[in-house]
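Coordinate inspection notes
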Amino acid sequence: MYKLFLCLRYLLHRRIVIVPIIAVMLCVAMNLIVVSLMGGFLDKVKSSVRGLFGDIIVGNGSLTGFGYYDAYKDADGKEHPGLLQYLAKVSEVKQATPVIETYAILRLPDNRGFTNPVRVLGIVPDQYATVTDFADGLYWQRVFPPGVKDKAQYVSATEAPETTWVGRPSFDHVPNPEPGQPPLPLTARVPGVDEPAGVIVGVRVFWPSPDITGRYKRNDLLPGMEKVQLTLWPMSAKGTMDERPDMKQFYLVDTSYSHIPQIDQQIAYVSFDKLQQYLRMNTSEKPVSGFLAPARATRVLVKLNDGVDLRAGNRAVAAAVKKWTDERTAIFNAMPPEVRARAYYFEPLILDSDTHQIRSNIDVSIWEEANREYFAAIANQRFIALLMVGVVSLTVVALIWVIFIMIVLEKTKDIGIIKSIGGSASGVSLIFIAWAAVIGAIGSAFGGVLGWLFIRNINGIEQWLSAVISKITGEETKLFDPRAYLFDSIPARFVWSEFLWIAGFAILAAMLGALLPAWRAGRMNPVESLRYE
């Protein structure tokens, strides 16, 4: 009982304990802010990447793609289900969509000097929007979807407000310049062209740098009016380029925003069917030597139903892919040798160089596993930043050690009295260790509140500081410049479990700092302590 009494008495009557409490508070707040900022950054990156790929990725990692992804007919006219039909039977799957990926040279005609390489994705827009967050990153189609009346500002609008997607993304329609009117078919904005092809480009393709507030000035290009030329290289199933590059003309219908600059500055979306046709990846018109070449896709993206565990969904998708490849293996092995020689490059199969057996070359992976190297690099940066802050925080241990050494010397007579009336060495040591634990707990509590308030208002604090600095310097300044980072605002989140871990380490650090002084206090001779001057 006397341990608790003396611990509380020293805590309430010694002003010097304010110093270690403040030190613990600042260190806890600093560690919490670093963890929250880096954790928020990692969560935001993961959210953005998941928004690009959906839940499950199915593919062979080749630009030549693979055949039989959709229902098909063989050379004899017999119908077979494709991969999409197998996936449609999986109860965990909400939507599966094929994608074609290739690379091209994008240029603006009329000699405007804009020629850049881009990554081109051929997508089925409504399916792709179900599987990914594609629709949420659109600009004109999201801000001015069908049914929205006020469209008078669509030309000069520079920032997409936080709205809910209510339309269907399309390559065939563009906003109507007349207020209150429904979207126009692309043919209405491109007279004289029977079937104009639409393209949606990443926002940084044409506007590589936003202004200091993170806004993109889109009013110099109008949807449906701007011509875009893409130079494409058709690729055979063998991976050879048997034809000359093909330049195709598209019309800008929208811009996309993924929150990842590396994506937004080199991405262009076009219609899956049109890109498949341009790259000669569609079904051949007639059989050659008894073989009918199937249409190809480079990957299939899968969205799971709400509430489905990713691992369980991945296993279900992998099982469906195995059934599909098993069927293709059986069909392939039953082909005559001369037909197999032509069909091999279209199959989702590969000849194993070790076993000389035909096996599947299709990988099924969760979105996070497919990008684990990228996430691991960010996680390592988070660990290094936390380690550096943690090393700085060790000053708390040294500070508490110095303060408690001073307190032990000052309380030498008190220690002698306690031991002379029967107090044990361990009891005296526990007084100071408990005292340090209470200091650590109080400092952690205040640090948690301080860190939470800072994290909760971090963007407001950044804006206020930027305004103050701008006023002092006379130049517009922004501490968190969205042009240099991945996001328009500072990502941060407060997680209770992380605070508890940090608080626990802070309390242990405080107790560690008091350990040596407490041990010294417990070893004091009561007679010498009472005679201490």
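So, the overall build of the chain
- When you go through the chain residue by residue, the secondary structure sums to 19 helices and 17 strands.
- Counting only residues that meet the buried cut, the chain has 48% of its 533 residues in that class.
- Restricting to contacts in the chain with at least 6 residues of sequence separation, those with at least 24 account for 74%.

Description of the nonpolar core
- Grouped together as the largest cluster of nonpolar side chains are 89 residues, with contacts concentrated most on Phe 206, Tyr 269 and Val 302.
- With 7 residues, the top contributor of residues to this core is helix H10 (residues 310-333).
- When residues no more than four places from it in sequence are discounted, the contact partners of Tyr 269 are Leu 52, Leu 121, Ile 123, Tyr 128, Phe 134, Phe 171, Gly 198, Val 199, Ile 200 and Ser 256.
- Counting residues in each nonpolar core, the second largest holds 14 residues, with Val 28, Val 35, Ile 455 and Ala 510 among its members.

Considering H10
- Over its 24 residues, H10 extends 34 Å from the first C-alpha to the last, a length consistent with the 34 Å expected when each residue adds 1.5 Å.
- Within H10 the residues assigned to the buried category are Leu 310, Gly 313, Asn 314, Ala 316, Val 317, Ala 320, Val 321, Trp 324, Thr 325, Arg 328, Thr 329 and Phe 332.
- Its side-chain oxygen placed 3.0 Å from the backbone nitrogen of Arg 311, Asp 309 serves as the N-cap of H10.

Topic: the pairing of strand E9 (residues 197-202)
- Burial analysis of E9 places 6 of its 6 residues in the buried class, which makes it a mostly covered element.
- Here E9 runs beside strand E11 (residues 246-256); their pairing, made up of 6 bridges, is parallel. Bridged to Val 199 within E11 is Leu 252.
- Summarising the sheet, E9 and strand E12 (residues 267-271) pair through 3 bridges and their orientation is antiparallel. Directly across from Val 199, in E12, lies its bridge partner Val 270.

Focus on the pattern of salt bridges
- Following the criterion strictly, the structure yields 7 salt bridges and no others.
- We note a salt bridge from Arg 119 to Glu 101, for which the minimum N-O separation is 2.7 Å. Of this pair, Arg 119 sits in strand E6 (residues 115-123) while Glu 101 sits in strand E5 (residues 93-107), and the two are 18 residues apart along the sequence.
- With a relative accessible area of 10%, Glu 101 lands in the buried category.

Things to note about the side chain of Asn 60
- Summarising the element assignment, Asn 60 is placed in the loop between strand E1 (56-59) and strand E2 (66-67).
- By relative accessible area, which is 16% here, Asn 60 ends up buried.
- Looking at Asn 60, its side chain comes within polar contact range of the main-chain nitrogen of Ser 62, at 3.2 Å.
- Within the structure, Asn 60 has its side chain in polar contact with the backbone oxygen of Gly 65 (distance 3.3 Å).
- Ignoring sequence-local partners within four residues, the contact set of Asn 60 consists of Gly 65, Phe 66, Thr 298, Asn 361 and Ile 362.

With respect to a nonpolar patch on the surface
- Together, Ile 18, Ile 22, Leu 26 and Leu 450 make up a nonpolar patch on the protein surface, roughly 340 Å² of accessible area in all.
- In this fold, Ile 18 is placed in helix H2 (residues 18-53).
- Under the relative-accessibility criterion, Ile 18 is labelled partly exposed at 47%.

Concerning unusual backbone geometry
- Here the phi dihedral of Tyr 68 falls at roughly 65 degrees; this positive angle occurs in a residue that is not glycine.
- Looking at where Tyr 68 falls in the secondary structure, it is placed in the loop between E2 and strand E3 (72-73).
- A positive phi is found at Arg 280, a non-glycine position, where the angle reads about 60 degrees.
- Positionally, Arg 280 belongs in the loop between helix H9 (272-278) and strand E13 (296-297).
- Residue class for Arg 280 comes out partly exposed when judged on its relative accessible area of 36%.

Focus: the packing of aromatic side chains
- Across all of its chains, the model carries 14 aromatic pairs by this definition.
- With a centroid separation of 6.3 Å and an interplanar angle of 45 degrees, the aromatic rings of Phe 332 and Tyr 344 are classed as tilted. Pair noted here: Phe 332 is in helix H10 and Tyr 344 is in the loop between helix H11 (337-343) and strand E15 (349-351), with a separation of 12 residues, a long-range link.
- Here Tyr 344 falls in the partly exposed class, since its relative accessible area comes to 24%.
- An aromatic cluster is defined as three or more aromatic residues linked by ring pairs; in this entry it consists of Tyr 128, Phe 134 and Tyr 269.
- Against the face of Tyr 86 rests Lys 89, its NZ or CZ located 6.0 Å from the ring centre.

Things to note about the side chain of Gln 276
- For Gln 276, the location among the structural elements is in helix H9.
- According to the relative accessible area criterion, Gln 276 is buried, its value standing at 7%.
- Once residues lying within four places of it in the same chain are set aside, the contact partners of Gln 276 are Tyr 69, Ile 100, Met 281, Asn 282, Ala 295 and Arg 296.

Examining the pairing of E1
- Alternating residues of E1 divide into Ile 56 and Val 58 and Ile 57 and Gly 59, and every residue in both groups is buried.
- Note: E1 against strand E14 (residues 299-304), 4 bridges, orientation antiparallel. Its bridge partner being in E14, Gly 59 is matched across the sheet by Arg 299.
- Sheet analysis places E1 next to strand E17 (residues 363-366), joined by 4 bridges and oriented antiparallel. By the bridge assignment, Val 58 is partnered in E17 with Val 364.

So, the environment of Val 495
- Here Val 495 is to be found in the loop between helix H17 (458-473) and helix H18 (496-522).
- Along the primary structure Val 495 and Leu 32 are separated by 463 residues, whereas in three dimensions their C-alpha atoms are 9.2 Å apart.

Rules used throughout
Residues numbered from 1 in each chain as written. Predicted model: local features only at pLDDT ≥ 70, side-chain atom pairs only at ≥ 80, totals over all residues. Heavy atoms only, no water. Helix = DSSP H or I, 4+ residues; strand = E, 2+ residues; numbered from the N terminus. Buried < 20%, exposed > 50% of the residue type's maximum accessible area, 1.4 Å probe, protein only. Contact = heavy atoms within 4.5 Å. Core = buried A, V, L, I, M, F, W, Y, C linked by side-chain atoms within 4.5 Å. Expected span 1.5 Å × (residues − 1). Polar contact = N/O pair within 3.5 Å; in protein donor to acceptor, adjacent residues only side chain to side chain. Pairing = 2+ DSSP bridges. Salt bridge = Lys/Arg side-chain N within 4 Å of Asp/Glu carboxyl O. Patch = residues over 30% accessible without salt bridge, like charges linked within 9 Å, V, L, I, M, F, W, Y side chains within 5 Å. Areas by Shrake-Rupley, 256 points an atom, 1.4 Å probe, with all protein chains shown as cover. Phe/Tyr/Trp six-rings, centres within 6.5 Å; stacked < 30°, edge-to-face > 60°. Lys NZ or Arg CZ within 6 Å of the ring centre and 35° of its normal.

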